[in-house]
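# Summary of the model geometry
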Amino acid sequence: MNQPAPVRGVVAVVIRDDRFLVIRRSQHVRAPGMHCFPGGGIEPGESVAEAACREMQEELGVSAIAVREIWQSVTPWGVELSWWTVEIAEGALPQPNPLEVEWISWLSLSEIRNLPRLLASNSEFLDAWESGLLNP
């Protein structure tokens, strides 16, 4: 019997001046109103790096360069996530696509931790980041 292929996703970690780019999901997507890092599903035939860049364009209207994978995790509902550092041009101004994103902000780690409705996978990532387990 064939096992279904695991659902895979990518998370884009964008950092400027020790602040992380964080979004609140729109009411039109999975986990509406939740706070998290940008990202989404990986389309068939797409590399993880390509997915990270596409998601940045779709959600925030900015071109991005996927630098490297820094972590992997599995959500409580079984989605395999690949966490990538992503760079955008210094002068780029991300603009939320209202179909996918309600709000964006550049936040410190402590500010992210204080957000209401932060996705559990993002809290786990912050724990790993603060423990020095990642190589950004």
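What comes next concerns the included structure.

### Description of the packing of aromatic side chains
This structure, assessed with the given rule, holds eight aromatic pairs. Aromatic pair Phe125 and Trp129: ring centres 5.8 Å apart, planes at 45°, arrangement tilted. In this pair, Phe125 and Trp129 both sit in helix H3 (residues 120-130), four residues apart, roughly one turn of the helix. Relative accessible area serves as the criterion here: at 0%, Phe125 is assigned to the buried category. Site record: aromatic cluster; members linked through ring pairs are Phe20, Phe37, Trp71, Trp83, Phe125 and Trp129.

### Observations regarding the layout of surface pockets
Looking at the largest pocket, its volume works out to about 590 Å³. Arg25, Arg30, Gly39, Gly40 and Gly41 are the residues nearest the centre of the largest pocket, which is lined by 27 residues in total. Residue assignment for the lining of the largest pocket shows that the elements contributing at least two residues are strand E1 (8-13), strand E3 (19-25), strand E5 (39-41), helix H1 (48-60) and H3. The leading source of residues in the lining of the largest pocket is E1, at four residues. Taken as a whole, the second largest pocket spans an internal volume of roughly 160 Å³. If you list the elements that add at least two residues to the lining of the second largest pocket, you get strand E2 (15-16) and strand E7 (80-87). Among the elements that line the lining of the second largest pocket, the one with the most residues is E7, at three residues.

Cut-off values and rules
Residues numbered from 1 in each chain as written. Predicted model: local features only at pLDDT ≥ 70, side-chain atom pairs only at ≥ 80, totals over all residues. Heavy atoms only, no water. Phe/Tyr/Trp six-rings, centres within 6.5 Å; stacked < 30°, edge-to-face > 60°. Helix = DSSP H or I, 4+ residues; strand = E, 2+ residues; numbered from the N terminus. Buried < 20%, exposed > 50% of the residue type's maximum accessible area, 1.4 Å probe, protein only. 1 Å grid on protein atoms, 1.4 Å probe; cavity = no way out; pocket = protein on both sides within 12 Å on 5 of 7 lines; lining within 4 Å. Points joined across faces, edges and corners; volume = space filled by probe spheres on them.

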